[in-house]
Amino acid sequence: MGFSDFFKKRLKPASPEKSHKDQSKEGPSLQDAFQSNLEFIQSEHFSADDIKRLFESCDNQVCFSMGEVDFPTGKVIVADPLVYLYNTEYSQPLNHTIPQGSYQVYISVHDSDVAGLRIVAAKLKITQKDAIRYEIAMPQGTTIEQLNQPGILAGFGVDAGLASFCDARTAVEYREFLDQWSIQNPNGNYYDDYFASFFAQSYDRLPQVQRREGDFI
């Protein structure tokens, strides 16, 4: 199903015969869905087909580009932008660099009977070639053989429920921006008083693929 078809589906009114709550009672619970997702993301190996399915558009899922990200150094950081991107200890570049340039970010949005609209996956598309396998992204200076060793953090925390792709140079500029913003707004909250307006604009632009407060910018 294409992007416009997903929009049309979302615009249809809900059936008066069955509420959202009734559907969730008959199917898997939110806890079941959470446990299943937890088991998936804790895997050490992922087949190319499994990842490919995460980005396939179908009746209740749509994948689309949300824009480009610039990588002037090619050093990739993936982090929660509100909680961990500011902290250099928890936002180290990954152990593989990419060619300098700008790349599309794709997100896959799933319309779940259990959890509603949710972003199920995001990817940085750096090549047109098909992947043949996937491996865990490790922090700079480490290898996959060190996975789960004490003090080695693979993956990233999402305490704010957000994730971001950015270049290492951008991360430095972001930290400098937040420092300056905090000085100018000593009693401010940089989500409520700064980023929330951008999420609201995102929702106004694409309301069919995110919740009312906005899910991505």
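Anything mentioned here points back to the structure above.
On a predicted model such as this, the values are computed, not experimentally measured, just so you know.

(A) Inspection of the overall build of the chain at higher detail. In terms of helices and strands, the chain carries six helices and seven strands. Listing each helix as α and each strand as β along the chain from the N terminus yields α-α-α-β-α-β-β-β-β-β-β-α-α. Here the chain, with 217 residues, has 29% of them falling under the buried criterion. In the chain, 68% of the contacts between residues at least 6 apart in sequence involve partners at least 24 apart. Carbon together with sulfur atoms contributes 51% to the accessible area of the chain, which is approximately 14,100 Å² in total.

(B) Spatial organisation of the packing of aromatic side chains. Going through the model one piece at a time under the given rule, you end up with ten aromatic pairs. Geometrically, the ring pair formed by Tyr 190 and Phe 195 is edge-to-face, given 6.5 Å between the ring centres and 80° between the ring planes. Residue class for Phe 195 comes out buried when judged on its relative accessible area of 13%. Three or more aromatic residues joined by ring pairs make a cluster, and in this case those are Tyr 174, Phe 177, Trp 181, Tyr 190, Tyr 194, Phe 195 and Phe 198.

(C) Structural view of unusual backbone geometry. Of note, the phi angle at Asn 148 is positive, near 75°, even though the residue is not glycine. Within the secondary structure, Asn 148 sits in the loop between strand 6 (134–135) and strand 7 (164–167).

(D) Local environment of the pattern of salt bridges. Here the structure, examined in full by the defined rule, presents three salt bridges. Here Asp 215 and Arg 211 are joined by a salt bridge, their closest N and O atoms 3.0 Å apart. For Asp 215, a relative accessible area of 14% translates into the label buried.

Calculation notes
- Counting restarts for each chain, with residues numbered from 1 along the sequence as it is written.
- Owing to the predicted nature of the model, reporting of local features is limited to residues with pLDDT of at least 70; listing and counting of side-chain atom pairs is limited to 80 or more, with chain, interface and lining totals taken over all residues.
- No hydrogens and no water enter the side-chain calculation; it runs on all heavy atoms of the structure.
- We count a stretch as a helix when DSSP gives it H or I for four or more residues in a row; a strand needs E for two or more, and each element gets its number in order from the N terminus.
- Burial classification: accessible surface area is computed with a 1.4 Å probe over protein chains only, and a residue below 20% of its type maximum counts as buried, one above 50% as exposed, and the rest as partly exposed.
- What makes two residues a contact is simply this: any of their non-hydrogen atoms within 4.5 Å.
- Note on areas: Shrake-Rupley, 1.4 Å probe, and residue coverage restricted to the protein chains presented here.
- Here is the rule: rings of Phe, Tyr and Trp (six-membered ring for Trp) pair when centre to centre is within 6.5 Å. Planes less than 30 degrees apart are stacked, more than 60 are edge-to-face, and the remainder are tilted.
- Any carboxyl oxygen of Asp or Glu within 4 Å of a side-chain nitrogen of Lys or Arg constitutes a salt bridge here.

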